[in-house]
Each structure stands twice: as structure tokens, then as C-alpha cells.
Amino acid sequence: MYDAVLAETVTVSGHGGDRIEAYSARPMAAGPFGGVVVIHHMPGYDAPTKEIVRRFAAEGYAAVCPNLYSREAPGAAPDDAAAAARAAGGVPDERLVGDVAGAAAYLRGLPSSNGKVGTIGYCSGGRQSFLALASLDLQAGVDCYGAFVTGTPPEGFPLQVSPLKDRVRDLSSPLLGLFGNDDQYPSPPHVDELEEELKARGKAYEFHRYDDAGHAFFAVDRPSYRPQAAMDGWQKIFSFFGEHL
């Protein structure tokens, strides 16, 4: 554990060269360290997500979370920014990939970087972490209950997203998936479908599923929090990144 970390708001170059806000944390030591791009959940670039960024720094990683809603609602409170993003149909996939690429470049540009970068995302960010892993030069990716990697959104769903099953072929680095068996999006059959495609394509992956846990079981500030599943999930995450980053 690193008891001295530097955490700060920074600006990174995102999709199309846009300058976007991001939250960065890293150990105050020489390194070298692996990097983690934290992709926030649909509720936005909020205090619990920033706490996750700091946790990675305490564990010996340089981490950064780009504010994916910077363009829709610059400077807005997380709830207001998330509402504005939902009203616009969510973050376009192409823009997300560009923003994660910029965040990864920021991490690799740090003097303490070892050149390896992974992603992790929660909820909508889980799907986006998978998308980034299939699109960019990354060394590992974690999908925490990302909806609509497989399966289709229900009628009236506010985000304009489509399934990513056909992108499994593009994965060139290992994927870790953490899912609750009481979740609906993704449901256990959705996870089964993704796992079958990963197996058929010969991709490196590791899935863990938790009973008595639904969506957002990592979220310590929500009723969905499940301490046992979350604690085991964190152990799996650090073991996975420890191997690949």
C-alpha cells in the first residue's frame, strides 16, 4: 500500500483533440507503475468514482477518470451532468474510445509509467471498458456488470447503445468480468452469451459471478452494495491487474 498519493483534477486531450476534465491519482514514488483508466458509471463523474481512482493509487497504480460528460455539462454537479448526457442519448461510442485513448496517453506520459494501461468500468462504464479494450492498445480490461455488451436495451431506454458481441473478435488482451446473478442488465443469460462467444473466439478472459448480488454491488453509497461480493471482486481486480499491468 502507498500511503502518500497525489490526487488532482487535470485536463486531458480527448476525442477529436477536445480538452476534457479528468481526475488523476498516483503514488508519490518513482515507480514504475501500471496505469488504469477508470470509466465512471451512468450517474456520472462523482465522489464515489473519484474514491475508486484514489484506491488504485493507494494500491500502486497511476489512475485517471475522464469526465465523459464534460461537453454536455461542463462544471455541472454529477446528477445534472448525468441528466444532460441521458437527454442527449448518452456518450457516443466513437467519442468514448477517443476519450479513453486520451486518458491512456496521459497515463503513459507520466514519468512513473511502465507503459502498460488497463481499463475498468462500472454499469454503462463496464460496457465502455469492453469497447475500449476491443478498440485500443490496452493490456487488460475489467467489465463490472456492464449492460448491453450482449442483449438489447428495453423499450424506452434513455441511452442509444447497441450490443458489442461482434467486437469480441477484436479483443487482443485479457478481460475480467464481475457480475451479480440477480442483475437484469446484464442478466445471467447475457453473461452466458458473452462467455460462449469469448470461448468460441479463443479469447483470454476470467469471469466471476456472485449470488445474492445484483447491479451496482460495488457501490458503497447505494442499497445495492454487497460487501462480500465487492470485497472478493476487489481482490480479483487487483490480482488481475497485478498480473497484466
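Structure: see above.
What you see is a predicted model; the values in this text were computed from it and never measured.

A. Inspection of the side chain of Glu195 at higher detail. Here Glu195 lies in helix H5 (residues 188–200). In this structure Glu195 comes out as buried when scored by relative accessible area, which is 18%. Apart from the residues lying within four places of it in its own chain, the contact partners of Glu195 are Tyr205, Phe207 and Arg209.

B. Structural detail: the nonpolar core. Among the nonpolar cores identified, the biggest contains 44 residues, and Val37, Tyr69, Leu96, Leu107 and Phe130 are the most heavily contacted of them. Looking at this core element by element, the count peaks at 7 residues for helix H3 (residues 93–108). When neighbours within four sequence positions are excluded, Leu107 is seen to be in contact with Gly35, Val36, Val37, Ala62, Ala63, Val64, Ser113 and Val117. Ranked by size, the runner-up nonpolar core spans 34 residues in total, among them Phe56, Ala63, Ile120 and Ala229.

C. Structural view of unusual backbone geometry. The step from Gly31 to Pro32 runs through a cis peptide bond, and the omega angle for that step is 5°. In this structure, Pro32 sits in the loop between strand E2 (19–27) and strand E3 (33–39). With an omega of 10°, the peptide bond between Tyr185 and Pro186 qualifies as cis. Note on placement: Pro186 falls in the loop between strand E7 (175–180) and H5. Of note, the phi angle at Phe148 is positive, near 70°, even though the residue is not glycine. Tracing the backbone through its elements, the reader meets Phe148 in the loop between strand E6 (140–144) and E7. Although it is not a glycine, Asp212 adopts a positive phi angle of roughly 60°. You can see Asp212 is positioned in the loop between strand E8 (205–210) and helix H6 (227–244).

Here is what the cut-offs are and how they apply
Residues numbered from 1 in each chain as written. Predicted model: local features only at pLDDT ≥ 70, side-chain atom pairs only at ≥ 80, totals over all residues. Heavy atoms only, no water. Helix = DSSP H or I, 4+ residues; strand = E, 2+ residues; numbered from the N terminus. Buried < 20%, exposed > 50% of the residue type's maximum accessible area, 1.4 Å probe, protein only. Contact = heavy atoms within 4.5 Å. Core = buried A, V, L, I, M, F, W, Y, C linked by side-chain atoms within 4.5 Å.

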